[in-house]
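Examining the three-dimensional arrangement
If you want the building blocks of each chain, they are given just below.
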Amino acid sequence: MSVSVSVMEGTRETKAKTIPGPILLLGAPGVGKGTQAKELVKLWGIPQISTGDLLRANVAQGTAIGKAAREVMQRGELVPDSMVNEMVALRLLEPDTARGYILDGFPRTLPQATWLDGRLAARTEGLPVVAVSLHVDYNQLLRRITGRRNCPSARPFTTSTQTRPNGQVFAM
């Protein structure tokens, strides 16, 4: 993956005067959105917002939307766009998002994108929206994703990536 260094350059004074507005990090799972978001958080001092983190936090805190989302997830279904949008909307009302924010992997679907487009049009107050699409070679993505997978029934192994006796790595 190549990242332009010029985006990261500049004096502290310039960074302090520049307001980045909403930043959308888009790309496949495992492409590095979270990794890049953490670097942007350090650079700009604005929050990273991940829908996965929002879902886990709402479920853990037992919020009304978290309870509803938990029921959906326990049935093995995807949380509806309307619930995800509501969680994002509530998060964007928090004061730390006033200077800007990073949406890590959101929107993921057309209804989410449509909702976000309407929200941004109504609330950006002239701030530019920066959308960054990250790309990584397919084989690299496959290695990253298969290294993340956990299979509780395959103990003692903890991931789906195994090593053959001859040392070659393969994904199950």
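A short tour of the structure in this document, coming up.

Packing of helix α4 (residues 64-74) against helix α5 (residues 81-92) brings their axes to within 11 Å, and their N-to-C directions diverge by 150°. Classed by the angle they form, the pair α4 and α5 counts as roughly antiparallel. Of the two elements, α4 crosses α5, and the hand of that crossing is left-handed. Across the interface between the two elements, Ile-65, Ala-68, Ala-69 and Val-72 from α4 touch Met-83, Glu-86 and Met-87 from α5. Grouping the amino acids of the contact of α4 with α5 by side-chain chemistry returns six nonpolar, no polar and one charged.

Before going further, it helps to examine the sheet that holds strand β1 (residues 21-26). Two orientations exist for strands paired in a sheet by backbone hydrogen bonds: parallel and antiparallel. Read from one edge of the open sheet, four strands run β2-β3-β1-β4, paired in parallel fashion. The open sheet is flanked by β2 (48-50) and β4 (130-133), the only strands paired with a single partner. Averaged over neighbouring strand pairs, the angle between their axes works out to 20° when direction is ignored. Summarising the sheet, β2 and strand β3 (residues 100-104) pair through three bridges and their orientation is parallel. Counted as the bridge partner of Gln-48 is Ile-102 from β3. Those strands touched by helix α2 (residues 33-44) are β1, β2 and β3, and its axis lies near 160° from that of β1.

Below, the discussion takes up the packing of aromatic side chains. By the definition in use, this model includes one aromatic pair. On the numbers, 6.1 Å between centres and 75° between planes, the contact of Phe-106 with Trp-115 is edge-to-face.

Of all the five residues making up β3, five are buried; the element is thus mostly covered by neighbouring parts of the structure. Of the two faces of β3, the one carrying Gly-100, Ile-102 and Asp-104 and the one carrying Tyr-101 and Leu-103 are both buried.

Turning next to the packing of helix α3 (residues 51-61) against α4. The description of two packed helices rests on the angle between their axes and on the distance between the axes. Two elements in contact, α3 and α4, have axes whose closest approach is 7 Å; the angle formed by their N-to-C orientations is 105°. Between α3 and α4, the interaxial angle falls into the category roughly perpendicular. In this structure, α3 contributes Leu-55, Asn-58 and Val-59 to the contact, and α4 contributes Ile-65, Gly-66, Ala-69, Arg-70 and Met-73.

With that settled, consider the pattern of salt bridges. One pass over the full model with this rule turns up five salt bridges. A salt bridge links Glu-77 to Arg-75; the nearest nitrogen and oxygen atoms lie 3.3 Å apart. According to the relative accessible area criterion, Glu-77 is partly exposed, its value standing at 42%. Between Arg-91 and Glu-94 there is a salt bridge, and its shortest N-O distance comes to 3.3 Å. Exposure remark for Arg-91: the relative accessible area of 14% places this residue in the buried category. It is possible to trace a salt-bridge network through shared partners that takes in Arg-91, Glu-94 and Asp-96.

Cut-offs and rules
Residues numbered from 1 in each chain as written. Predicted model: local features only at pLDDT ≥ 70, side-chain atom pairs only at ≥ 80, totals over all residues. Heavy atoms only, no water. Axes fitted to C-alpha atoms, helices over the stretch in contact; angles between N-to-C directions. Helix = DSSP H or I, 4+ residues; strand = E, 2+ residues; numbered from the N terminus. Parallel < 35°, antiparallel > 145°, perpendicular 65-115°, else oblique. Left-handed = near helix turned anticlockwise from the far one by under 90°. Contact = heavy atoms within 4.5 Å. Nonpolar A, V, L, I, M, F, W, Y, C, P; charged D, E, K, R; others polar. Pairing = 2+ DSSP bridges. Phe/Tyr/Trp six-rings, centres within 6.5 Å; stacked < 30°, edge-to-face > 60°. Buried < 20%, exposed > 50% of the residue type's maximum accessible area, 1.4 Å probe, protein only. Salt bridge = Lys/Arg side-chain N within 4 Å of Asp/Glu carboxyl O.

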